[in-house]
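Notes for the structure review
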Amino acid sequence: MFLSTFKRTAIFFILTALIFIAVPQAFAAGVSQEMFTVNNTWMLVATFLVFIMHLGFATLEVGLTRAKNTNNILFKNTSIVAIGLLTYTLVGFNLMYPGDFNGWIGFAGMGISSPDGDAGLIGYAEGAYTYYTDFIFQAMFAATAATIVSGAVAERVKLSSFLVFSAVYVAIVYPIVGSWKWGGGWLDQMGFYDFAGSTLVHSVGGWAALTGIMLLGPRLGKFVDGQIRPILPHSMPLATIGVFLLWLGWFGFNGGSVLSADPGLVSLVFVTTSLAAAAGVMGSMIVSWKVQGKPDLSMILNGSLAGLVGVTASADTVTVTGSILIGLISGVIVVFSVMAFDKFKIDDPVGALSVHLVCGIWGTLAVGIFSTNPAHKLWIQFVGVLAYGVACFAMSFLFFFVLKKTMGLRVSEQEEREGLDIHEHGVEAYNDFQMTSK
Amino acid sequence: MFLSTFKRTAIFFILTALIFIAVPQAFAAGVSQEMFTVNNTWMLVATFLVFIMHLGFATLEVGLTRAKNTNNILFKNTSIVAIGLLTYTLVGFNLMYPGDFNGWIGFAGMGISSPDGDAGLIGYAEGAYTYYTDFIFQAMFAATAATIVSGAVAERVKLSSFLVFSAVYVAIVYPIVGSWKWGGGWLDQMGFYDFAGSTLVHSVGGWAALTGIMLLGPRLGKFVDGQIRPILPHSMPLATIGVFLLWLGWFGFNGGSVLSADPGLVSLVFVTTSLAAAAGVMGSMIVSWKVQGKPDLSMILNGSLAGLVGVTASADTVTVTGSILIGLISGVIVVFSVMAFDKFKIDDPVGALSVHLVCGIWGTLAVGIFSTNPAHKLWIQFVGVLAYGVACFAMSFLFFFVLKKTMGLRVSEQEEREGLDIHEHGVEAYNDFQMTSK
Amino acid sequence: MFLSTFKRTAIFFILTALIFIAVPQAFAAGVSQEMFTVNNTWMLVATFLVFIMHLGFATLEVGLTRAKNTNNILFKNTSIVAIGLLTYTLVGFNLMYPGDFNGWIGFAGMGISSPDGDAGLIGYAEGAYTYYTDFIFQAMFAATAATIVSGAVAERVKLSSFLVFSAVYVAIVYPIVGSWKWGGGWLDQMGFYDFAGSTLVHSVGGWAALTGIMLLGPRLGKFVDGQIRPILPHSMPLATIGVFLLWLGWFGFNGGSVLSADPGLVSLVFVTTSLAAAAGVMGSMIVSWKVQGKPDLSMILNGSLAGLVGVTASADTVTVTGSILIGLISGVIVVFSVMAFDKFKIDDPVGALSVHLVCGIWGTLAVGIFSTNPAHKLWIQFVGVLAYGVACFAMSFLFFFVLKKTMGLRVSEQEEREGLDIHEHGVEAYNDFQMTSK
C-alpha cells in the first residue's frame, strides 16, 4: 500500500467533508453555496479554455514554419504543457503567491503541503473558488509564458536545452516577477495594473524570446548578403486553426482573470476581448494591404493576436470604444513591428516578439491611456514595463547564456538544413506526401 | 489622455457599481443573483461555442476546395469574424432589436450609446443576462450568416467585393429581416416560429449564397460540354474537423438560444440537436450509399450539418422522436439537393445551398409539422419562409449586382486557373509539399 | 426484464439512500433551483467536452495511419458518433440504468417513454441534473467505447462490418457490463470502484480492440520475415491535434463524472486529471528517450493519453501526489507495452491497446493502491478487471467471429495495398498533393 491506512482514512474524511464545510464556510464569507459553485464552475471552464491555447500555440507555430521541423515543434509544445504543469506544482505556485502559503516548495509537494478542506478549499478565495481551482487555472497560465518563447526560437534551438530553459523559466522567473503584481508585491502596491497579463505573461514570455533569438542568431538562409529572404510557412490552415484556438482560449484567459463569474465584468471582458481582436484584424489588414500591396493572411492572423495581447492588460477596465482603439492600434503596430525586426535581422519565425512583447508593452501602457479607472497612471504602467523588461531580459539572458556555454543552444548546421525532425527525432512528420527538396 | 478625468471617473464608478446594483435589480425581477449569474455564465459559454463555429466554417470550406485557393478562403473567413463583430457593433445590434434601444447607430457606438449599469447591464433581460452578454452572443450569431455565403462563392469571388458584401449584409440585411421575428416584428406577432435560426440565420445566409452563385456563375471546369466534372476537395481531414467544430458550436448556437440556463430546455435542446445531427448522418449515409453505390464521406459530413440546420428552428419544441425524424429527412434531402443543384448547373463548392438554404427551409416548415406547441402552424411557417426568401433574395441580388457593376465580382480567368492564393495574396498556403499541376 | 423488480427497487432505494447520506445538508434545506441549474449546466458543458473527444479520436487515428486510408477512417469515426447516439437512444440507456425506468427499449423510444417534466426532468437525479442531461452525457460516453476499437483495427477492417460491430457493442455489451458497476450491479455492491471508466469505458473498448486485431491479423507489410517494419504516420500535426482535443475532452469525461458541479470534487478532478496527463508525458518521454535513444513524439502523445486513462478510475479519490505517480507509471507502461505488442506481432496502428486496455487495467488496479478511501481494495479491483476482461473478450470475440464468417471482416489484399479510400469510397482524401507511391 502506498499510504498507511490511517492516512488514507484521514484524507478520505477530509475529501468527503468538503460538501459539509462548503455551506457554512461560504456563507461565513458572505457568499451562498450556489454562488460559490457558479464562480468555481466558471473558473474551471476558463481553465480548459486556457488549456486549449497550448494547442493553438502548437498549430500556429507548426503552420508558420517548415515541414521538416514539425515533429520537433510539436514535441516542444506538448512537453511544455507537461513541464509547465509539473514545475508549477512543485515550485511555482507557492513562489508566486507567497502571501497565501508559506514555504518555497509548493502545491501539495509530494503530498505534504496540500491544505486541508477548511483552510484550503473553501476559505482560500472568499467564496470564489477552491484552492485546487486556483492552482490549475494559474498553472495553465504559467505554461503559456514558456510557449511564447518556443515560437521565437523555432527551427534551430536544441530540444533538450529548450526544455531545461522552459522548466527553469516557469519554475522561477515567471512566478517571482509575477508576484510583484499578482502576489501583491511592490508593483501592485504602487498601483501598477495588468488585468490578465499583457506584461506578466506575454511580455515575460516575449523578453525571453528576445534573448533567445539574440543568443541563437537567425535561421540559415534568412538573411543572405544583407537581404531578407522570406522563409515560407508550410501550412496556413494549421496556422489559422492555431489563431482561432488562441482567440477561443482568450475567453478563458481574460474571462477567467475576473476570478469569479461576476456577470457584468465577465461579459464586459468578453466584449472588449472580442472587439480588440476584431479591430486588430482590421488594423493589420488595412495597413498591410496598403504597405505590402496585397491582403496578407499571416498579417491578419497576427493582427488578431496583437489585438488580444493588447487588450489583455485592460479588458475589464476600458470602454467598448477603448477596446476597439487598443485593438486597432495593436494591429497597426504588429505590421510595422514584424517589418522592423526583419530589418534589424532579428529572426522571429512566427512573429512572437511583435505580438507578445511589443503589443504586450503597448497593451500595458494603454491601461494608462484608456482605463476608466483614474487610479491607473501612465507613468506607473511605464515603470512596470521597465521593471519587467530589465528583470526578464537579464534573467532569461543569463539562463540562455549558461545553457549555450554548457549544453549548447543551437543544432548543427547540417541538422538545421536537413531538418530537426529527421536528425533529432529520427522520423518525418509527413510520410505519404512528396515533399519539395529542402 | 483619451478621456477627460471626469468622464473616466464617471464610467469607473458605473463599472464598479455593477456588483452592488446586481443584487437588488435581479431580485426586483424575481430572480436571485445566483440564478442571474448562472444564466449569464451559460450564455457566455454559448457565445464561445458559436465563436468556434467560425473556425469550423473555415476548415470545412478550405477542406472541400482546392489547395490553390486556401489562403484566400482563410483570409475571407478570418476577416468575416472581424467585420461581422465590428459592423454589428456599429449598426446591426440596435437595428435588430429596435424595441430595446432607440437610435440607428448602435451598441456603444464610439462610446456614446452604451447604457449605464442600471438600465443596461442588469435590467436588460430580466435576470437572464447582461446587455454585454446579449450583444456578444448576438454578434457572434450575425457573423455566421455572412460566413455561409463564403463557401458558396468560393474559388472565384473577388476578395474585396466579398468583404464589402459581408459588411453590408451583416450591417443591414441580417438585422432588418431578423427584427421581423427576434425583434418582435410582424412575423413574430403573426405566430411565426424559428427557435435558433433555421430561417433567420441559415436561410438568410443561404439566399445570399444563391444570388452570389447566380451572378458569379460556376467555376471554370465544373460544367464542360454539358457534363458535370467533380472538382475534388483537397483535404478531407480539414473538412471533417470543420464539421465536428460546427456540431460542437451548435450546442451553443441552439443551447444558447434558450436565452437562459433553464435546465429542462437546455438539456432538451442538447438532446434534440445531437440526435438530429446523428440522424442526418444516417439519413445521408443510407441514401448516398444506395444511390451512389459507395459510402461518401462528404455526404455524411453534409448530412450531419443538414440535420443540425433542420432542427435549429424547432430544437426546443419537438419530441426526441421528432428531432430524429427531422434530422433523418434532412439527411435524405441534402443528398438529393446536392445532386439537383449540380444538375441545374448551380455550382456550390461546399454544398452550402443544400445544407443551409434547403434544410433551413425544411427545418422551418418542420416546426409546423413536428412542434408540440399547437400554436405553431405550417402555413404561418410557410409565410415566414416566403417572406424571408423574397426579401433576402431581392436585397442580396441587388447588393451583389451593384458590386458586379462597380468593383467587379469575379477574379480573372487566369487568376482562377492559377489560384487566388498566388495572384491575390502573393503566396501559397502550402510551401513544402509537392503539389500536383493545376 | 434484465433484473427482477425486487432487485431494481432495491437498487433504486440504495442509490437514493446514498445520495441522502452524501448530501444531507443540501437535502435538509432542499436543493435550490439555483444549485440544480448550476449542476445541470456543468453536466452539459461536460457533455460537449466529451463530444469533442470524438474529433480527437478521429484526428489521432487519421494522423497515425497512412494517407490512403484517411477517408475511410474519418467515415468510421463520424458514423460511430451517429450510430452510438442513436443505438444508445433506442436500446442502451435503459439497459444500463435499469433501476430508473421500466422497459428494455429505452429513452423516449419513438416518443412513448419520455418522462414528463416533473418525474423525468427534475426528480430524476435529485437536484443534480435532468433526465435529458443524464441521457446525453451517458450517450456521448457510450460512443467513445466503440471509437477505441476503431483505431486498433484501422487500415484493414471492412467498413460495413465495423459499423455493425459498433452498433451492437454500444447497444448491448457496453450497457450490460456497465450496469454491473454504474447501474448498481454486483460489482458495485461488492465495492468495486471505477470513477469515470478506466475499465467501464477504456478497457471495455480495449478488449474489443484486442479481439478485433486477433481476428483480423496484422496489416500487410508490418511483420515481414519475422521483422517488425514500422508503418509511418502520415500527419503528426493531425495526431497532435487529436491528443490535445482528447485531453480537453477529458476535463468533461472525468469532471462530468462527478455528476454535479461540486466545487471541491470537480476542481480536484481537474487537478488530478491534468497532472496525471502531464506525468504521463514525462514518464513516456524519459523512458522512450532512454530506450530508443531519441525523443519520440508519438510516444509522448500516447504517454499523455496513458496518464489520462490511468487516472480515470481514481481521479476523485487520490491525492495530487497519487495522480502524478499514476500518470508517471502509465507513461512508463505505455512505452514498454507498445514495444511488447509489436514483439508479439499484435499490430495496433495507433497504440489503442497500450493506452486504453493496458493503462485502463493499470488505472483500475491503481485505485486499490492510491485511493484515499480505505474501502477501495486492490483485490476487488482485480476481480473487476478480470470480470470485465472475461465478459468483454468473450462477447466481442463472438461478435467479430460471427461477422468474419458472415459479412467478412477484412478488405481484399489489393484494396489494402492501394488504399481503402480509393476502393471503398471512390475518392482520395488529399487531391492536390503529390503523394509518394504506395
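These numbers were taken from a predicted model, which means no experiment stands behind them.

Turning next to the overall build of chain A. Tallying secondary structure elements over chain A gives 16 helices and 2 strands in all. Partitioning the intrachain contacts of chain A with sequence separation of at least 6 by distance along the chain shows that 78% fall at a separation of at least 24. Within the structure as shown, chain A displays about 12,300 Å² of accessible surface, and the carbon and sulfur contribution to it stands at 67%.

Further remarks concern the relation of the copies chain B and chain C. With an RMSD of 0.0 Å, the fit of chain B onto chain C corresponds to turning through 120° and sliding 0.0 Å along the axis. Such a combination of turn and shift is consistent with a three-fold rotation axis. Judged by C-alpha distance, Q434(B) is the residue of chain B that lies nearest the rotation axis, at 3.2 Å. Little of the interface of chain B is mirrored in chain C, where only 13% of its interface residues are also at the interface.

A few words on the interface of chain B and chain C. Each side of the interface is counted separately: chain B has 54 residues, and chain C has 55 residues. Between chain B and chain C the total buried area reaches about 4,600 Å² when both faces are included, carbon and sulfur atoms providing 81% of it. The largest share of the area that chain B buries against chain C comes from P237(B), F244(B) and P263(B), three residues that together contribute 13% of it. Between chain B and chain C we count 0 salt bridges in total. If you look at where chain B meets chain C, you find 10 residue pairs in polar contact (both at pLDDT 80 or more). Looking at the side of chain B that touches chain C, the elements that each hand over two or more residues are α2 (33-64), α9 (236-255), α10 (263-292), α11 (297-312) and α12 (320-343) of chain B. Broken down by element, the side of chain B that touches chain C gets its largest block of residues, 15 residues, from α10(B). Of the residues contributing to the side of chain B that touches chain C, the split by class is 39 nonpolar, 10 polar and 5 charged.

Glancing now at the interface of chain A and chain C. The figure often quoted for interface size is the accessible area lost as the parts come together. Each partner contributes residues to the interface: chain A has 66 residues there, and chain C has 71 residues. Of the roughly 5,900 Å² buried where chain A meets chain C, counting both sides, 78% is carbon and sulfur surface. Applying the counting criterion to the chain A and chain C interface returns 0 salt bridges. Every element with two or more residues in the side of chain A that touches chain C is listed here: α1 (5-28), α2 (33-64), α3 (70-96), α5 (131-152), α6 (159-181) and α16 (420-425) of chain A. If you tally residues by element for the side of chain A that touches chain C, the top one is α2(A), at 17 residues. Here the residues of the side of chain A that touches chain C sort into 39 nonpolar, 23 polar and 4 charged.

What follows concerns the side chain of E155(C). Residues and elements named next belong to chain C. Among the structural elements, E155 can be located in the loop between α6 (131-152) and α7 (159-181). For E155, a relative accessible area of 0% translates into the label buried. Engagement of the side chain of E155 in a polar contact is seen with the side chain of N69, the distance being 2.7 Å. Here the side chain of E155 touches R219 through a polar contact of 2.4 Å, side chain to side chain. Apart from the residues lying within four places of it in its own chain, the contact partners of E155 are T65, R66, N69, R219, I231, E416 and L420.

Residues and elements named next belong to chain A. Between helix α11 (residues 297-312) and helix α12 (residues 320-343), the shortest axis-to-axis distance is 8 Å and the interhelical angle comes to 130°. When the axis of α11 is compared with that of α12, the two are oblique. In this structure, the crossing between α11 and α12 has a hand that is right-handed. Along the contact surface, α11 presents M299, N302, G303, A306, G307, G310 and V311, while α12 presents S323, I326, G327, S330, G331, V334, V335 and V338. Of the residues assigned to the contact of α11 with α12, the class counts are 7 nonpolar, 8 polar and no charged.

All names here are of chain A. When pLDDT is averaged along chain A, the result is 87; 84% of the residues meet or exceed 70. Here residues 8-28 is modelled with pLDDT under 50, and outside its nearest four sequence neighbours on either side it reaches 45 contacts, counting other chains as well. In this model residues 98-125 is a low-confidence stretch, pLDDT under 50, and it forms 68 contacts with partners more than four residues away in sequence or in other chains. In the predicted complex, the global pTM is 0.92; the interface-specific ipTM is 0.91.

Another point: unusual backbone geometry. The residue D225(B) is not glycine, and still its phi comes out positive at about 55°. As for its placement among the helices and strands, D225(B) is situated in the loop between β1 (223-224) and β2 (227-228).

Further remarks concern the packing of α12(B) against helix α13 (residues 352-370) of chain B. Residues and elements named next belong to chain B. Where α12 contacts α13, the two axes come as close as 9 Å, and the packing angle between them is 145°. For the crossing formed where α12 meets α13, the hand is right-handed. Facing G322, L325, I326, I329, S330, I333, V334, S337, V338 and F341 of α12, the residues of α13 in contact are L353, S354, V355, V358, C359, W362, A366 and F370. In terms of residue class, the contact of α12 with α13 is built from 14 nonpolar, 4 polar and no charged.

All names here are of chain A. Along the chain, F399 falls in helix α14 (residues 378-406). Look at F399 and you get partly exposed, because its relative accessible area is 23%. For the pair F399 and T211, spaced 188 residues apart in sequence, the C-alpha separation works out to 9.5 Å. Apart from the residues lying within four places of it in its own chain, the contact partners of F399 are F165, V168 and V173.

Our next topic: the relation of the copies chain A and chain C. Note on the chain copies: they are related by a rotation about an axis and a translation along it. When chain A is fitted to chain C, the residual RMSD is 0.0 Å, and the transformation amounts to a turn of 120° plus an axial shift of 0.0 Å. Taken together, the interface assignments show that only 11% of the residues at the interface of chain A recur at the interface of chain C, consistent with different surfaces on the two copies.

Glancing now at the pattern of salt bridges. Under the criterion given, the structure shown has 27 salt bridges over all chains. Here R417(C) and E413(C) are joined by a salt bridge, their closest N and O atoms 2.9 Å apart. Here R417(C) and its partner E413(C) are both found in helix α16 (residues 413-418), 4 residues apart, which amounts to about one turn of the helix. For E413(C), a relative accessible area of 47% translates into the label partly exposed. Connected through salt bridges with shared partners, the residues R66(A), E155(A), R219(A) and D347(A) form a single ionic network.

Turning next to the nonpolar core. If you look at soluble globular proteins, the nonpolar side chains tend to sit buried side by side. F48(A), F48(B) and F48(C) are the most contacted members of the largest nonpolar core, which has 408 residues in total. Not counting residues within four places of it along the chain, the set of residues in contact with F48(B) comprises V45(A), F48(A), L49(A), L248(A), F251(A), F270(A) and F48(C).

The final tally for this structure, using the stated rule, is 72 aromatic pairs over all chains. Taken together, a centroid distance of 4.9 Å and an interplanar angle of 80° make the contact between Y430(A) and F433(B) edge-to-face. Taken together, the residues span two chains, with Y430(A) in the segment after α16 and F433(B) in the segment after α16 (420-425). Given a relative accessible area of 9%, Y430(A) falls into the buried group. Of the aromatic side chains, those joined through ring pairs into one cluster are W42(A), F244(A), W247(A), F251(A), F270(A) and F51(B). The aromatic ring of F162(B) is capped on one face by K76(B), whose charged end is 5.1 Å from the ring centroid.

Rules behind the numbers
- Residues numbered from 1 in each chain as written.
- Chains lettered and ligands numbered in written order.
- Predicted model: local features only at pLDDT ≥ 70, side-chain atom pairs only at ≥ 80, totals over all residues.
- Heavy atoms only, no water.
- Helix = DSSP H or I, 4+ residues; strand = E, 2+ residues; numbered from the N terminus.
- Contact = heavy atoms within 4.5 Å.
- Areas by Shrake-Rupley, 256 points an atom, 1.4 Å probe, with all protein chains shown as cover.
- Least-squares fit on C-alpha atoms with pLDDT ≥ 70 in both.
- Buried area = accessible area lost by both parts, 1.4 Å probe.
- Salt bridge = Lys/Arg side-chain N within 4 Å of Asp/Glu carboxyl O.
- Polar contact = N/O pair within 3.5 Å; in protein donor to acceptor, adjacent residues only side chain to side chain.
- Nonpolar A, V, L, I, M, F, W, Y, C, P; charged D, E, K, R; others polar.
- Buried < 20%, exposed > 50% of the residue type's maximum accessible area, 1.4 Å probe, protein only.
- Axes fitted to C-alpha atoms, helices over the stretch in contact; angles between N-to-C directions.
- Parallel < 35°, antiparallel > 145°, perpendicular 65-115°, else oblique.
- Left-handed = near helix turned anticlockwise from the far one by under 90°.
- pLDDT = per-residue confidence, 0-100.
- Core = buried A, V, L, I, M, F, W, Y, C linked by side-chain atoms within 4.5 Å.
- Phe/Tyr/Trp six-rings, centres within 6.5 Å; stacked < 30°, edge-to-face > 60°.
- Lys NZ or Arg CZ within 6 Å of the ring centre and 35° of its normal.

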